[in-house]
Amino acid sequence: MAIGIRSTDLIEAAPEDVGMSSQRLRNVSNLVQRYVDGRRYAGAISVIAREGSVVHFETFGQRDAEAGTPMTPDTIFRMASMTKPIASVALMM
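Here is what the cut-offs are and how they apply
Residues numbered from 1 in each chain as written. Predicted model: local features only at pLDDT ≥ 70, side-chain atom pairs only at ≥ 80, totals over all residues. Heavy atoms only, no water. Helix = DSSP H or I, 4+ residues; strand = E, 2+ residues; numbered from the N terminus. Rg over C-alpha atoms; globule rule 2.2 N^0.38 Å. Buried < 20%, exposed > 50% of the residue type's maximum accessible area, 1.4 Å probe, protein only. Contact = heavy atoms within 4.5 Å. Areas by Shrake-Rupley, 256 points an atom, 1.4 Å probe, with all protein chains shown as cover. Lys, Arg positive; Asp, Glu negative; His and termini not counted. Charge placed at Lys NZ, Arg CZ, Asp CG, Glu CD. Expected span 1.5 Å × (residues − 1). Arc of directions from axis to C-beta. Polar contact = N/O pair within 3.5 Å; in protein donor to acceptor, adjacent residues only side chain to side chain.

(A) Quick look at the overall build of the protein chain. Along its length, the protein chain carries two helices and three strands. Reading the protein chain from its N end, one meets helices and strands in the order α-β-β-β-α. A compact globule built from 93 residues should have a C-alpha radius of gyration of about 12 Å, whereas the protein chain, at 16 Å, is more than 25% larger. Its C-alpha atoms give the protein chain principal-axis dimensions of about 40 × 40 × 25 Å. The buried share of the protein chain, reckoned over its 93 residues, is 17%. Of all intrachain contacts in the protein chain linking residues separated by at least 6 positions in sequence, the fraction that spans at least 24 positions is 39%. A total of about 7,700 Å² of accessible surface is found on the protein chain, and carbon and sulfur atoms cover 54% of it. Averaging the locations of the 10 positively and 10 negatively charged side chains of the protein chain gives two centres separated by 9 Å.

(B) Spatial organisation of the environment of Phe60. Along the chain, Phe60 falls in strand β2 (residues 53-64). Taking C-alpha positions, Phe60 is 9.7 Å from Pro73, a pair spaced 13 residues apart along the chain. For Phe60, the residues in contact, after removing those within four places along its chain, are Ser29, Val32, Gln33, Val36, Ala42, Gly43, Ala44, Ser46 and Met71.

(C) Examining helix α1 (residues 22-37) more closely. Compared with an ideal rise of 1.5 Å per residue, which puts 16 residues at 22 Å, α1 spans 22 Å between its outermost C-alpha atoms and is within 8% of the ideal. Buried within α1 we find Leu25, Ser29, Val32 and Val36. Buried residues of α1 fall within an arc of 70 degrees about the axis and therefore sit on the same side. Of the exposed residues in α1, those oriented more than 90 degrees away from the buried face are Gln23, Arg24, Arg34 and Asp37. For α1, the side-chain oxygen to backbone nitrogen distance between the N-cap and Gln23 is 3.3 Å, and the N-cap itself is Ser21. Backbone geometry just downstream of α1 places Arg39 in the positive-phi region, at approximately 60 degrees.

None of the figures reported here should be taken as evidence of function without further support.
Take a look at the structure:
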């Protein structure tokens with residue numbers, strides 16, 4: 001299942017307006033950037049929302065490393081099956 005979100009659908013807010021810290025959100029950016037710089041991921045997008053408002057949205061690296069295409073806010077990702085980890089945890093319980 002794919003869910004499309006247009007940028008016009010997003011309500012943006014300053015982190016402090018919803019009880020979050022801009023300074024601490026920079027730590028998220030630094031962490032994701034380290035993964036991209038360390039070549040663990042070619043690119044990534046990080047989004048954090050609180051109380052229905054987006055307080056952090058940032059792109060990193062490339063969506064196609066071979067072509068050198070930069071990551072964009074509208075990049076579509078293929079997601080693998082997420083039922084396997086859930087089922088395995090349920091089985092272990």
